[in-house]
Amino acid sequence: MRLPTLLLALSSLVAFAAPTKTNVVFILIDDFGYECVTANGGESYRTPVMDKLAANGVRLEQVHAQPLCTPTRAALMTGLINKRNYTHFGHLDPQQRTFGNFFKAAGYATCITGKWQLSNGLEGPGHFGFDENCLWQLIRRPGRYRNPGLEINGKEVDFKQNEYGPDIVNDYALDFITRKKDQPFFLYYPMMLTHSPYDATPDSPDYLKAKSEDGTRKIGHFPDMVAYTDKLIGKLIAKLEELKLRENTLVVIMGDNGTGNGTPSRFKGRDVTGGKGSSLIWGTHVPGIANWPGQLASGKVCADMIEAVDMLPTICEAAQVPVPADIKLDGRSFLPQLRGEKGHPKDALYVWYNPSGGASAKYEFAHDAHYKLYADGRFFDTVADDREKTPLKEDDLSAEAKAAHAKLKALLAAHQGPRDEYFVKQSQAFGGEAGENADGGKKGKAAKKATAAAPKVTPAKPNDTDSKAARFKERDADHDGKITYEEFQASIPDKKAAKERFEARDTDHDGSLTLVEFLGNTAKAK
């Protein structure tokens, strides 16, 4: 062999063998339940990009999040369950270390683009490990869709030419990938879609004139929003392919909680409704997809139990990014399962949830893919009774149900004990996602002016109806104008009495109470 030919062969071999760090793109879709993806059995929406990623990668059948945005984000980013480090809605404790910190420490270029909702000021993203950011709801909460207000690398930017917020942050993500194509990068992309209002997208024929659909029980433009979410993910995948980065990039997709409460969909031949804010599977069961050509199994369906805290150790293991030894994660890597191996899956999940934080949970339970056991003793077959209307009686349990009950009871027992007082002291009453707590205590300029200009009103003396209305508002966790049985019974110790009261007021038998139904005789008297 001639010398030039030999040198060329050797240089090619060295280039081929040179180690390259794995890029990671993690996409978190806002208010996007399991039923929204066609590949999962959804029948109402168009998700061809996600369907293809699932068909060529791994579709995760049992991924579960917290029932609400911030609690999921805290668990996802830190790998710790809410009981161990959650403070209150719209906030992440600054002493926490996130996957952004770990990837940055490992030499990665890091970026977060999309929705923040974790307070800590303009410095927050950098503090938690992100070199760059293009975000909505960082220090204020203006509109997110048409003509949005964003913070981009520390500067407030307001758009007024009918720009679409999700397009802007997606374009920033594509630009980041392009600029960092020659070095390892971690892109955390918590999307602004598909959260209400169910607004028109640029692909909707009435984009420039449509009015927002407030609430979540009217489907509005939600199908358009799902289709646009899928389209944006497609643009990101196309950019990775264009830059020849696809084979070296792990892409993971999940929802942050169930679809907006009451949002109607068709799923596997039946009508279902979103359960965001509730402890039902429709509040926690979310899509999960992992795709990494040549590195993960192709066309695999994984039915193992997976939760938000498992994502951090999984992507860190895939990228060989070390997690500090002093951090005892609650998450467990499922990378072996993604590669087609058996791995060490969890056989059940423990949930502690309270959007206000504090010493005790609003919902505390353990569950697997078939059964759920609450800390108060209620036990459900969530396959046969997914709305949790009829608790199983201990005397009537099958052998399978008895075994599951024992397993879940042991898991609950393993997590007993008080919360760290440091986190308990940081609790704040949950005022709804649009409330002060949701935007870190700082409102947009327009909101400030409106507040300053508003006349001071002397509050009327509360009567019985006002008091009941206030209680209704407290129990309406996601502020959609209705309360589910789970929300209704949360503060009533006698569950039998709670069920009787709920059913007596649920006059239209739809499984939820309007304010009029909740007020009952008081409303009629007025």
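Further up the page is the structure itself.
Here goes a summary of the coordinates provided. The shown structure was predicted, so the numbers you read here are calculated from the model rather than taken from an experiment. (Residues numbered from 1 in each chain as written. Predicted model: local features only at pLDDT ≥ 70, side-chain atom pairs only at ≥ 80, totals over all residues. Heavy atoms only, no water.)

1. Digging into the side chain of Glu151
Right, on to step 1. In this structure, Glu151 sits in strand S5 (residues 149–152).
Right, on to step 2. Engagement of the side chain of Glu151 in a polar contact is seen with the side chain of Arg140, the distance being 2.4 Å.
Right, on to step 3. With sequence-adjacent residues up to four places away left out, Glu151 is seen in contact with Leu122, Asn133, Cys134, Leu135, Leu138, Ile139, Arg140 and Glu156. (Helix = DSSP H or I, 4+ residues; strand = E, 2+ residues; numbered from the N terminus. Polar contact = N/O pair within 3.5 Å; in protein donor to acceptor, adjacent residues only side chain to side chain. Contact = heavy atoms within 4.5 Å.)

2. So, unusual backbone geometry
Right, on to step 1. Between Leu193 and Thr194 the backbone carries a cis peptide bond, its omega angle lying at 10 degrees.
Right, on to step 2. You can see Thr194 is positioned in the loop between strand S7 (185–190) and helix H8 (222–242).
Right, on to step 3. Omega for the bond connecting Ser196 with Pro197 falls within 30 degrees of zero, at 10 degrees, which places this linkage in the cis form.
Right, on to step 4. Turning to its location among the elements, Pro197 is positioned in the loop between S7 and H8.
Right, on to step 5. Even without being glycine, Asn153 reaches a positive phi, approximately 50 degrees.

3. A word on the packing of aromatic side chains
Right, on to step 1. Summed over the entire model, instances satisfying the criterion amount to 22 aromatic pairs.
Right, on to step 2. Centroid distance Tyr145 to Tyr164: 5.9 Å. Interplanar angle 25 degrees. Geometry classified as stacked. Taken together, the positions of Tyr145 in the loop between strand S4 (132–136) and S5 and Tyr164 in the loop between strand S6 (155–158) and helix H7 (165–179) put the pair 19 residues apart, joining distant regions of the chain. Assigned by exposure class, Tyr145 and Tyr164 land together as buried.
Right, on to step 3. Residues Tyr422 and Phe423 carry aromatic rings whose centres are separated by 4.9 Å and whose planes lie at 80 degrees to one another, so their mutual orientation is edge-to-face.
Right, on to step 4. Exposure remark for Tyr422: the relative accessible area of 32% places this residue in the partly exposed category.
Right, on to step 5. Its relative accessible area of 8% is what places Phe423 among the buried residues. (Phe/Tyr/Trp six-rings, centres within 6.5 Å; stacked < 30°, edge-to-face > 60°. Buried < 20%, exposed > 50% of the residue type's maximum accessible area, 1.4 Å probe, protein only.)

4. Digging into the packing of H7 against H8
For any two helices packed against each other, one specifies the inter-axial angle together with the distance between the axes.
Right, on to step 1. The geometry of H7 relative to H8 is characterised by a closest axis approach of 10 Å and an angle of 15 degrees between their N-to-C directions. The angle between H7 and H8 falls in the class roughly parallel. Between H7 and H8 lies a crossing of right-handed hand. Counting all contacts with H7, which are made through Pro166, Asp167, Asn170, Leu174, Ile177 and Thr178, the residues of H8 involved are Tyr228, Leu232, Lys235, Leu236, Lys239 and Leu240.
Right, on to step 2. For the contact of H7 with H8, the class distribution of residues is seven nonpolar, two polar and three charged. (Axes fitted to C-alpha atoms, helices over the stretch in contact; angles between N-to-C directions. Parallel < 35°, antiparallel > 145°, perpendicular 65-115°, else oblique. Left-handed = near helix turned anticlockwise from the far one by under 90°. Nonpolar A, V, L, I, M, F, W, Y, C, P; charged D, E, K, R; others polar.)

5. A word on the pairing of strand S16 (residues 371–374)
Right, on to step 1. The alternating pattern of S16 places Tyr371 and Leu373 on one face and Lys372 and Tyr374 on the opposite face, and all of these are buried.
Right, on to step 2. With three bridges connecting them, strand S15 (residues 363–367) and S16 associate as antiparallel partners. Note on S16: the bridge partner recorded for Phe365 is Tyr374.
Right, on to step 3. In this antiparallel pair of consecutive strands, S15 and S16, the connection spans three residues.
Right, on to step 4. Here three bridges tie S16 to strand S17 (residues 379–381), and the two strands are oriented antiparallel to one another. Its bridge partner lying in S17, Lys372 is registered against Phe380.
Right, on to step 5. The turn linking S16 back onto S17 is made up of four residues, and Gly377 within it adopts a positive phi angle of 100 degrees. (Pairing = 2+ DSSP bridges.)

6. Looking at the environment of Asn85
Right, on to step 1. Looking at the element boundaries, Asn85 is found in helix H4 (residues 82–85).
Right, on to step 2. Those residues in contact with Asn85 that lie beyond four places of it in its chain are Ala74, Thr78, Leu80, Asp93, Gln96, Arg419 and Phe423.
Right, on to step 3. At 3.1 Å, the side chain of Asn85 forms a polar contact with the side chain of Thr78.

7. Here we look at the pattern of salt bridges
Right, on to step 1. In the structure shown here, the tally under the stated rule is 25 salt bridges.
Right, on to step 2. Close ionic contact of Lys115 with Asp30 constitutes a salt bridge, the shortest N to O distance being 2.8 Å. Of this pair, Lys115 sits in strand S3 (residues 109–115) while Asp30 is found in the loop between strand S1 (23–29) and helix H2 (48–55), placing the two residues 85 residues apart along the sequence.
Right, on to step 3. Note on Lys115: relative accessible area 1%, which makes it buried.
Right, on to step 4. Classification of Asp30 by relative accessible area gives buried; the value is 0%. (Salt bridge = Lys/Arg side-chain N within 4 Å of Asp/Glu carboxyl O.)

8. What about the side chain of Thr201?
Right, on to step 1. Topologically, Thr201 is positioned in the loop between S7 and H8.
Right, on to step 2. Thr201 sits in the buried class, given a relative accessible area of 0%.
Right, on to step 3. If sequence neighbours within four positions are ignored, Thr201 has contacts with Tyr164, Tyr207, Asp224, Met225 and Tyr228.

9. A closer look at the sheet that holds S17
Right, on to step 1. As summarised here, the arrangement of the four strands in space is S14-S15-S16-S17, forming an open sheet in which the pairing is antiparallel. Single-partner strands in this sheet number two, and they are strand S14 (349–353) and S17. Between one strand axis and the next, the sheet turns by 20 degrees as a mean value, whatever way the strands run.
Right, on to step 2. Bridge count between S14 and S15: five bridges; the pairing is antiparallel. For Val351, the partnering residue across the bridge sits in S15 and is Phe365.
Right, on to step 3. Lying on the sheet, helix H12 (residues 399–414) is in contact with S14, S15, S16 and S17; it crosses S16 at an angle near 45 degrees.

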